[in-house]
Amino acid sequence: MTANEDQEMELEALRSIYEGDECFKELSPVSFQYRIGDHEDPKAFLLEISWPETYPEIAPNISLDAFFNNRISPEVKKSIIAQLEEQVEANLGTAMMYTLFEWAKENQDLLMENHQPVINAVTLTSNTENSLATNLSSSNKKREKKEQLTKAQKRKLTGRTDNRGELPRGWNWVDVIKVQQCSFFM
């Protein structure tokens, strides 16, 4: 069989095996992702494998560069890829995607034994906390904006305001005499 025929057969097998599996995702006919572990599991990772043109005679490309893996240190990623490449060498020349995914699932604890979640947060010292708090309060002041008025609203306000832009005292008072006269005649 040619490489393309092997790829087509393996693709068909993968689609039937992983149909309905939320961990498996086919990015293209030659590129696949498989999530090892649950979303909430801190030791979960997303394995991405793509086939070169002459796969399975040549090893597939293995990657852990997905955003899902951003909390995994580069050393652990290199270790995972190295162990998966050992499995690739053992299965070279045969359809190996299912074997790789299942091996990674079974050996997740081994692959992630040295995993310490990478924290991308910045640690602040007391001097920088004060300057940061000052910067935040000044930026909050800058963000406060007055309500924007339309031209018609501005024209209407100019007729009712004094030279300082303030409304005269009692502008919204109700004329008590007019109200009483209206109720008296009813």
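Residues numbered from 1 in each chain as written. Predicted model: local features only at pLDDT ≥ 70, side-chain atom pairs only at ≥ 80, totals over all residues. Heavy atoms only, no water.

Section: the pattern of salt bridges
A complete count under the given rule lists three salt bridges for this structure. Across the pair Glu26 and Arg15 runs a salt bridge, and its minimum N-O distance is 2.7 Å. One end of the pair, Glu26, is in strand E1 (residues 24-28); the other, Arg15, is in helix H1 (residues 3-17), with eleven residues separating them in the sequence. On the accessibility criterion, Glu26 (28% relative accessible area) is partly exposed. In this structure, Lys105 and Glu102 form a salt bridge, with 3.2 Å as the shortest nitrogen-oxygen distance. With Lys105 and Glu102 both in helix H3 (residues 97-106) and three residues apart, this pair spans about one turn of that helix. (Salt bridge = Lys/Arg side-chain N within 4 Å of Asp/Glu carboxyl O. Helix = DSSP H or I, 4+ residues; strand = E, 2+ residues; numbered from the N terminus. Buried < 20%, exposed > 50% of the residue type's maximum accessible area, 1.4 Å probe, protein only.)

A short note on the sheet that holds E1
Taking strand neighbours across the sheet as the criterion, the four strands line up as E1-E2-E3-E4 in an open arrangement whose pairing is antiparallel. Looking along the sheet, the strands with just one partner apiece sit at the ends: E1 and strand E4 (61-63). On average, each strand axis in the sheet is tilted by 20° relative to the strand beside it, whichever way the strands run. Relative to strand E3 (residues 45-50), strand E2 (residues 31-36) runs antiparallel, the two sharing six bridges. Across the sheet, Tyr34 pairs through a bridge with Leu47, a residue of E3. Here helix H2 (residues 74-91) sits on the sheet in contact with E3 and E4, set at roughly 155° to E4. (Pairing = 2+ DSSP bridges. Axes fitted to C-alpha atoms, helices over the stretch in contact; angles between N-to-C directions. Contact = heavy atoms within 4.5 Å.)

A short note on the environment of Leu110
Structurally, the position occupied by Leu110 is in helix H4 (residues 108-111). Taking relative accessible area as the criterion, Leu110 reaches 40% and is therefore assigned partly exposed. Considered as a pair, Leu110 and Gln83 are 27 residues apart in the sequence and their alpha carbons are 9.9 Å apart.

Points about the packing of H2 against H3
Relative to each other, H2 and H3 sit at 140°, their axes nearing to 10 Å. Compared by their axis directions, H2 and H3 come out oblique. Here H2 and H3 pass one another in a crossing that is right-handed. Every residue of H3 that contacts H2 at Gln83, Leu84, Gln87, Val88 and Asn91 is listed here: Thr99, Leu100, Trp103 and Ala104. Tallied by class, the residues present in the contact of H2 with H3 amount to five nonpolar, four polar and no charged. (Parallel < 35°, antiparallel > 145°, perpendicular 65-115°, else oblique. Left-handed = near helix turned anticlockwise from the far one by under 90°. Nonpolar A, V, L, I, M, F, W, Y, C, P; charged D, E, K, R; others polar.)

Quick word on the nonpolar core
Counting residues in hydrophobic clusters, the biggest one holds 28 residues, and the most contacted among them are Phe32, Phe45, Leu47, Ile80, Leu84, Met97 and Phe101. Listing elements by their share of this core, those giving two or more residues are H1, E2, E3, H2 and H3. Among the elements that line this core, the one with the most residues is H3, at five residues. Ignoring anything within four residues of it in the chain, the contact list for Phe45 reads Tyr34, Arg35, Ile36, Leu64, Phe68, Asn69, Ile72, Ile80, Gln108, Leu111 and Met112. (Core = buried A, V, L, I, M, F, W, Y, C linked by side-chain atoms within 4.5 Å.)

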